Structures are given as C-alpha cells and as structure tokens.
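# Structure assessment
This is what each chain is made of:
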Amino acid sequence: MQKTYILAIESSCDDTSAAVLCNDKVLSNEVANQEVHKQYGGVVPELASRAHLQNIVPVVAQALKKAGVNKEELSAIAFTRGPGLMGSLLVGTSFAKSLSMGLHIPLIEVNHMQAHILAHFIDEGQAKPQFPFLAMTISGGHTQIVKVNSFFDMEVLGETLDDAVGEAFDKTAKILGLPYPGGPLIDKYAQEGNPKAFQFSQPNIAALNFSFSGLKTGILYFIQKHTADNPNFITEHLADICASVQHTIVEILMKKLKKAVQQTGIRQVAIGGGVSANSGIRTALQSMGEKHGWKTFVPKFQYCTDNAAMIGIVGYYKFLQSDFTQQGVTAQPRLPISQLAN
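Rules and cut-offs
Residues numbered from 1 in each chain as written. Predicted model: local features only at pLDDT ≥ 70, side-chain atom pairs only at ≥ 80, totals over all residues. Heavy atoms only, no water. Pairing = 2+ DSSP bridges. Helix = DSSP H or I, 4+ residues; strand = E, 2+ residues; numbered from the N terminus. Axes fitted to C-alpha atoms, helices over the stretch in contact; angles between N-to-C directions. UniProt positions renumbered as here; feature names shortened; annotations may be inferred. Contact = heavy atoms within 4.5 Å.

## Section: the sheet that holds strand β5 (residues 107-111)
An order of β3-β2-β1-β4-β5 is seen for the 5 strands of this open sheet, with the pairing classed as mixed. Across the chains shown, the open sheet's two edge strands, defined by having one partner strand only, are β3 (25-32) and β5. For this sheet the average axis-to-axis angle between neighbouring strands, irrespective of direction, equals 20°. Of the pairings in the sheet, the one linking strand β4 (residues 76-82) to β5 comprises 5 bridges and is parallel in character.

Now the structure itself:
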C-alpha cells in the first residue's frame, strides 16, 4: 500500500495540537495545553489565540520529530476550519495554509465535529463502526445525535437548543466552587457518591433535541437553598451532589440515544467529543448496549478531547478522494457538521 503522510493541525479552542499519520495509523499526536485559563474559570478567547501563536511551531516540530517524518515527505496538510473560537482557528488555518504553500502540497479543511466522530476509524486494531451508525457528539460546545451514513454523509437528528452538556458539567462545578475545568472533577467525586441522593428535574424536550439550561438553573437554586440553611452543605455532601448531577445528565443523554435507536433501527452507537471521557457516560453506554443488543463504540481517552489525530484521519480519507481546499479558505467559527460532509 502506498504511504500517505498527513500532518494535521487542531486549534479550535485552547489546545494546540499537531499529529502525523501514515495512512490511517497515528505516528504522533502532540498536544500543548493552556494553563492560563484556570485563573479565569473558563477559556478567554484572546489569551487562547495568543497561546496558539506561541505553541504552534514547537508543537508541529515535535510531532514531526516524534513521527520520524521530514516535512518533505508530507503528502498534505489537514487543519480544523471550524467550528471553534475565531482567533484560535485563525492561527491554525493561517499556519496550515502557509506550510502547504511553502511545501507545494495539498491543503485539506476538516470539520472539528466530524473529526470527533471519525476518530473511531483511527487504526489501532480495534473494532470500527459499520455504516450507517449513530454518533452522539458531546463536548463543551456541542451536544448532537448524528446519523452517519458514510465518511462524508452525516445528518444531525437532534441537538441542544441552548447549552451543551460539557457546559452543564463545568457550570455545575463552578457553582460548587470547583476549579476549571470542572467536568472531570465532578466525574471524580461522583464515583465516591450516591447517584440517588438528590433528585433534579429533567427537561421534557421534543424529538431528539436536548436542553441543559433549565437543569443548570435548577442546580443553582438547589445549592442556594441548602447552603442558606447549612453553609457547609457543599463540603459535607460534595460527592453525593456530583453523583446525583452526573446521574441526571447521563439519564438525559441515554434516554435520547435509546429513542434515536428506536426511531432509526440503527443498533450501532458511538460517542465522541471531550465529554465522552466521562466515566459515567462510558459505563452507561456500554450497559445500554448489553441490555438492548447494541454494538457500542467508545473512543480511547486521548481521542476524546481536542487532538490533531482525529483531524488527520479525516484528512487521510479526504486525501484519498482528492478533496482539497483552495488557499482562499477562511476559518469559520460556526461551521455546521453538514457543510464539510461532501
């Protein structure tokens, strides 16, 4: 088989990542995290773009070095066009365009959310989904159920009407006084608590759509009420609060996923995105699969959060179709998953 080397760049939010793939295998996947946002309790877009400017050259150099690939051997450059933060996307887009022009090799634009789904096709000897399959993409900015007909034919069946599930986790953590990013900390404490300790109302949203703004408000009022009666309420019940919140969110997601399977008849189900690293969601999906006879696919932890390897695998399949991008391409912060599906 002919070897295709793809250099991939991901800069949609606050992680600067570069990866090198040989066909569908990952040779390197380097990620530079930005610690600066912790003191602000969330990502500051201006600081994120500045950090990308500082990180992108050393991260790309490290990815090439670790892969043992010279830039002259590269077949194409793949990059995240969107969705994401405009300033962050501009850094990756501009770098990718310049490098592809300098090396006289093709440029390939990639949809960030499409990449989260297709990360399952990175070849590490694991079972891969068969088309068509259902994918639930869950992250800080997105919550969607997608019908995946082929690599480049995807249809959104349902999505959040307001806040994403990752934001619900992070805002809950902020209410509880936990540092950013709070989602992983809720997961950590939830494993020590009773998921039935406290009840939170679940929204009744039509079809396969989601809503998490009401849940966030309900959690806020719940905490305000109990801390007014007992200032030490959070400290004394932290694990039970986290377990109850996580249990509620997982139930919301799984009910919609079950409904999607019933409506489509598709019994292959995958998850992707940063929140797919959550242990409660991973366990619930596998349990639902065993109970209902679904074939479930859970990504490795390194391919859940934002990373360039997932950009690279989309780049590889686009390269096979000679689906290249012109130098006039610009970053698109609100890029729908359907726009780059062809």
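So that's the structure; there's more coming.
## Thoughts on the UniProt feature "binding site: substrate" (unreviewed entry) in the protein
The positions UniProt marks with the feature "binding site: substrate" (unreviewed entry) are T137, I138, S139, G140, G141, D170, G183, D187 and N278. Structurally, T137 is set in strand β6 (residues 133-138). Apart from residues lying up to four places away in sequence, T137 is in contact with M113, I117, H142, T143, Q144 and G272. Locating G140 in the fold gives a position in the loop between β6 and β7 (143-150). Leave out the neighbours within four places in its chain, and G140 touches A164, G166, E167 and V275.

## With respect to the sheet that holds strand β10 (residues 295-297)
Sheets are built from strands that pair by backbone hydrogen bonding, the pairs being arranged parallel or antiparallel. Taken together, the 5 strands give an open sheet; going across it, the order is β8-β7-β6-β9-β10, and neighbouring strands pair in mixed fashion. Looking along the sheet, the strands with just one partner apiece sit at the ends: β8 (153-159) and β10. Sheet twist, expressed as the mean angle between neighbouring strand axes with direction ignored, is 25°. In terms of strand pairing, β6 meets strand β9 (residues 268-272) through 4 bridges, oriented parallel. Across the sheet, residue L134 finds its bridge partner in β9, namely V269.

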